[in-house]
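What follows is the residue order along each chain.
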Amino acid sequence: MLGMIIKNMSFKAGETLTIVGVPKPDATNFAINIGPDETEITMHINPRFNSKGDENAVVCNSYQKGSWGEEHREGGFPFHQGEEFKVVIEFAPTEFQVTLSDGSKIHFPNRMGAEKYSCIGFDGEVRVTSFEIKQTCSHPGIWGN
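Residues numbered from 1 in each chain as written. Predicted model: local features only at pLDDT ≥ 70, side-chain atom pairs only at ≥ 80, totals over all residues. Heavy atoms only, no water.

As recorded in an unreviewed UniProt entry, the protein chain goes by Galectin and comes from Gasterosteus aculeatus aculeatus.

Let's talk about the overall build of the protein chain
Secondary structure assignment for the protein chain yields 0 helices and 14 strands. Going residue by residue from the N terminus, the α and β elements of the protein chain occur as β-β-β-β-β-β-β-β-β-β-β-β-β-β. For the protein chain, whose C-alpha radius of gyration is 15 Å, the value lies close to the compact-globule estimate of 15 Å for 145 residues. When its C-alpha atoms are laid out on the principal axes, the protein chain stretches across 50 × 35 × 25 Å. Long-range contacts, defined as pairs at least 24 residues apart, comprise 63% of the intrachain contacts of the protein chain with a sequence gap of at least 6. For the protein chain, the computed accessible surface area is about 7600 Å², with 47% contributed by carbon and sulfur atoms. (Helix = DSSP H or I, 4+ residues; strand = E, 2+ residues; numbered from the N terminus. Rg over C-alpha atoms; globule rule 2.2 N^0.38 Å. Contact = heavy atoms within 4.5 Å. Areas by Shrake-Rupley, 256 points an atom, 1.4 Å probe, with all protein chains shown as cover.)

Digging into the packing of aromatic side chains
In the structure shown here, the tally under the stated rule is 11 aromatic pairs. A centroid spacing of 5.3 Å and a plane angle of 65° characterise the contact between F79 and F85, whose relative ring orientation is edge-to-face. Comparing F79 with F85 shows no difference in burial state: the two are buried. Through a chain of ring-to-ring contacts, three or more aromatic side chains come together here, namely F30, F49, F77, F79 and F85. (Phe/Tyr/Trp six-rings, centres within 6.5 Å; stacked < 30°, edge-to-face > 60°. Buried < 20%, exposed > 50% of the residue type's maximum accessible area, 1.4 Å probe, protein only.)

Let's talk about the pattern of salt bridges
What the rule picks out here adds up to 5 salt bridges. We note a salt bridge from E71 to R73, for which the minimum N-O separation is 2.9 Å. When salt bridges that share partners are traced, they join R48, D54, E71 and R73 into one network. (Salt bridge = Lys/Arg side-chain N within 4 Å of Asp/Glu carboxyl O.)

A look at the side chain of T99
Mapped onto the secondary structure, T99 falls in strand β10 (residues 95-99). When near neighbours in sequence (up to four residues on either side) are disregarded, T99 contacts K86, V87, V88, S104 and K105.

Here we look at the nonpolar core
Grouped together as the largest cluster of nonpolar side chains are 29 residues, with contacts concentrated most on I45, F79, V87, I89 and I120. Per-element accounting of this core gives the leading share, 4 residues, to strand β9 (residues 85-91). Beyond its immediate sequence surroundings of up to four residues, V87 is in contact with L17, T18, I19, I32, I45, F79, V98, T99 and L100. (Core = buried A, V, L, I, M, F, W, Y, C linked by side-chain atoms within 4.5 Å.)

Focus on the pairing of β10
Relative to β10, β9 runs antiparallel, the two being bridged by 4 bridges. Note on β10: the bridge partner recorded for F91 is F96. Joining the antiparallel neighbours β9 and β10 is a turn of 3 residues. Between β10 and the antiparallel strand that follows it, strand β11 (residues 105-109), lie 5 residues; G103 among them carries a positive phi value of about 90°. (Pairing = 2+ DSSP bridges.)

Things to note about the UniProt feature "domain: Galectin" (unreviewed entry) in the protein chain
The sites that carry the UniProt feature "domain: Galectin" (unreviewed entry) are, in the present numbering, residues 3-134. Along residues 3-134 the backbone is 0% helical and 61% strand, and the end-to-end C-alpha distance reaches 24 Å. (UniProt positions renumbered as here; feature names shortened; annotations may be inferred.)

Let's talk about the environment of F108
Relative to the elements of secondary structure, F108 occurs in strand β11. Relative accessible area serves as the criterion here: at 0%, F108 is assigned to the buried category. Along the backbone, F108 and F96 are 12 residues apart, and their C-alpha atoms lie at a distance of 5.2 Å. Residues within four places of F108 in sequence aside, it is in contact with T42, M43, C60, N61, S62, H72, E95 and F96.

Following this line, the structure appears as structure tokens:
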């Protein structure tokens, strides 16, 4: 992970991570990386405007033991250079459910299988303006009953 790195945080199954940012006006790509440390990535979200042979694609992957896994492509491409975006990542025990700004969804498996990750990184041509981790409440009204 390069760029901005946040260490010793706690992103656990049952929580939601919301990220707001702005790709640079001439951005080719950027990445959001979640993992147990700086060397392993369980969830790599890589919006590509024009990079690595892809144009207007969101590529997800994981990086373990020095190797990238199989690339996963799903969802739309609501990103625009120089314009604000929002990415919401719900962490379920077996997968990450990503909702993009246009409402399209990406379902990516939790390939490492951990229930808590402590490192998040942002890399590439992006300015992150906010991020927030909250408890996911998928069943409103059951708390306190």
